[in-house]
Amino acid sequence: RCAARGDLPLAFTWARDAAPIPGGGSSEMEVRMEEAGKVSVLMITSISRAHAAVYTCQASNRYGADSRTFFVNVVERPDPPGHVHVREVTSRHVTLAWAPPFDGNSPLTHYLLQHWPAHHASPTAINTTLLKDLTQATLKGLSPGRTYHIQVLAVNARGSSPPSPTLSITTLQEPPTAPPTRLRAHGRQQTTITVTWQAPAAHLSPGEVTGYQVGFQEAELGEAGEYRWRSARSGTMTSEITGLRHYTAYRVTVRAVNQVGAGPPAQAVVVTTSQGVPSAPPESVKCDPLSSQALRVRWQPLPLNLSNGPVQGYKVFYKRTTNIEGSNAVEIKRTTNLETNLQGLGRFTNYSVRVLAFTAAGDGVVSQPVLCSTLQDVPGAPAAIHALATGRDSVMVSWLPPPRPNGILTHYTLYYRPLNAPQATRSMVVAADAGASPWMEVSREVGLLDSHVHYEYWVTASTRVGEGAASTIISKTPSS
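Given the structure is predicted, the values throughout are model-derived calculations rather than measurements.

**Examining the overall build of the protein**
Phase 1: Across its full length, the protein holds one helix and 38 strands.
Phase 2: Computed over its C-alpha atoms, the radius of gyration of the protein comes to 60 Å, more than 25% above the 23 Å expected for a compact globule of 480 residues.
Phase 3: By principal-axis analysis of the C-alpha atoms, the protein measures approximately 210 × 30 × 30 Å.
Phase 4: Expressed as a percentage of the 480 residues in the protein, the buried residues total 40%.
Phase 5: Within the protein, contacts between residues at least 6 apart in sequence are counted, and of these 62% link residues at least 24 apart.
Phase 6: Here the protein has roughly 25600 Å² of accessible surface; of this, 51% comes from carbon and sulfur atoms.

Here it is, written out as structure tokens:
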């Protein structure tokens, strides 16, 4: 509004930043006269920041001219912050920077930093107020591996600016922060443990867990021992640990994993696999003869790591290696001791002996055979004795070795006497051939006999133990 005093008629002109404004105005500005031509009014119909300028009103008449200057400042909401960009992204915070905007010709009072999770169907922006002098800020308290929408607004006395273009930012992933829950382990099989668990606490963000790893170690190693880790099948919360040792205590745990790494393990549980059969034979099996019909067998116990369970006892397998006396079938004796005596065996007989340990799960590995022999005994009676007169005063007596020599024969003793005259018994020693076959006949001629006397003959065999039983007594007359 430009009022002038002076003689009429008065003429008014307007200029904007020294540029004349047409007397009729323009589409945005209108010039009109009031108070009988003494006041000129410049009307701006649609004000904007473009109209901020220095306006000059000049009034003149035939005597001279005068002017008045108006400074027009348009105050409005500020522009949005410019060039909003990400400076740093971590798993838990994001740092943004921006350029200060046009302040709307009114000093900025502060900034608003808005963010909301991208996956929310109806998100509500969370506002963070920032000082007006800042050109960067760090948004904290975010969750790993989540996408957020972020924008920045500038605020002055007239209000807030439009938001900056929305940024979509995904925080970095980090290893899971919580262990799985409700860990259970069962060792119902000899070499396998079944493990089950549930997901970590629900506050973990989606995607923070992509799989699981099951860890195990032998319990005797203690907490300081190294765990062996195996990945569980994707999408499941159960796993089987195979290839374990029988009847062994294991410490078992589980942890959640993702692309970045593994989280903390669950509180470990201790479980023992089922008993198995011993995986090795008893050690140092030894066999010693006690007599001609008895052997003593001894051995050392299994190492604990090979027994695969409490050893309930031992089985001793023994059989003859020759079939001279009776059957050579395998016989078995059970015992809970580390030695046993085998009784009622064949005299001077070779035996093959093996030993195994057994648990409740069954028989273990049998030892390699150990060969041993019972002691010598007196032999049995020679067989097939008969006599043949070879002259008026001589008789040839022959026989076969005893079917049961019970040792190494050293000699035979041939006895003879007149019939019914035991006091006149005479004998002669016949050397035994150690290499002779059992069916090779032995003979000896008895001379200087009375041709008219009937004689009795019998034979015994001897080992180093002594003289054995006598053969059948036969009779023969030299001249017959």
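**Observations concerning the sheet that holds strand β1 (residues 2-3)**
Phase 1: The strand order across the open sheet built from three strands is β1-β5-β4, with neighbouring strands paired in antiparallel fashion. Each edge of the open sheet is held by one strand with a lone partner, namely β1 and β4 (29-34).
Phase 2: With six bridges joining them, β4 and strand β5 (residues 39-44) adopt antiparallel strand pairing. Note that in β5 the partner of Val31 across the bridge is Leu42.

**Overview of the pattern of salt bridges**
Phase 1: Counted under the stated rule, the structure contains nine salt bridges.
Phase 2: As a salt-bridge pair, Glu34 and Arg1 come within 2.9 Å of each other at their nearest N and O atoms. Taken together, the positions of Glu34 in strand β4 and Arg1 in the segment before β1 put the pair 33 residues apart, joining distant regions of the chain.
Phase 3: Take Glu34: its relative accessible area is 24%, and that puts it in the partly exposed class.
Phase 4: In this structure, Arg1 and Glu35 form a salt bridge, with 2.6 Å as the shortest nitrogen-oxygen distance. Of this pair, Arg1 sits in the segment before β1 while Glu35 sits in the loop between β4 and β5, placing them 34 residues apart in sequence.
Phase 5: Classification of Glu35 as partly exposed rests on a relative accessible area of 49%.

**Structural notes on the UniProt feature "domain: Fibronectin type-III" (unreviewed entry) in the protein**
Phase 1: Within the UniProt annotation, "domain: Fibronectin type-III" (unreviewed entry) is assigned to residues 80-174, 179-276, 281-377 and 381-480.
Phase 2: A helix fraction of 0% and a strand fraction of 51% characterise residues 80-174, whose end C-alpha atoms lie 34 Å from each other.

**Describing the side chain of Thr374**
Phase 1: Structurally, Thr374 is set in the loop between β30 (370-373) and β31 (383-391).
Phase 2: Of note is the side chain of Thr374, whose polar atom sits 2.7 Å from the backbone oxygen of Gly346.
Phase 3: Looking at Thr374, its side chain comes within polar contact range of the main-chain nitrogen of Phe348, at 2.7 Å.
Phase 4: Filtering out sequence-adjacent residues up to four positions away, Thr374 remains in contact with Pro289, Ser291, Ser292, Gln293, Ala294, Leu295, Leu345, Gly346, Arg347, Phe348, Thr349 and Tyr351.

**Topic: the sheet that holds strand β12 (residues 136-139)**
Phase 1: Strands sit in the order β8-β9-β12 across an open sheet of three strands; the sheet is antiparallel. Only two strands of the sheet have a single neighbouring strand rather than two, namely β8 (82-89) and β12. The mean angle between the axes of side-by-side strands here comes to 25 degrees, regardless of whether they run parallel or antiparallel.
Phase 2: Of the strand pairs in this sheet, β8 and strand β9 (residues 94-99) are connected by five bridges, and their pairing is antiparallel. The residue bridging Glu88 from the neighbouring strand is Thr95, located in β9.

Here is what the cut-offs are and how they apply
Residues numbered from 1 in each chain as written. Predicted model: local features only at pLDDT ≥ 70, side-chain atom pairs only at ≥ 80, totals over all residues. Heavy atoms only, no water. Helix = DSSP H or I, 4+ residues; strand = E, 2+ residues; numbered from the N terminus. Rg over C-alpha atoms; globule rule 2.2 N^0.38 Å. Buried < 20%, exposed > 50% of the residue type's maximum accessible area, 1.4 Å probe, protein only. Contact = heavy atoms within 4.5 Å. Areas by Shrake-Rupley, 256 points an atom, 1.4 Å probe, with all protein chains shown as cover. Pairing = 2+ DSSP bridges. Salt bridge = Lys/Arg side-chain N within 4 Å of Asp/Glu carboxyl O. UniProt positions renumbered as here; feature names shortened; annotations may be inferred. Polar contact = N/O pair within 3.5 Å; in protein donor to acceptor, adjacent residues only side chain to side chain. Axes fitted to C-alpha atoms, helices over the stretch in contact; angles between N-to-C directions.

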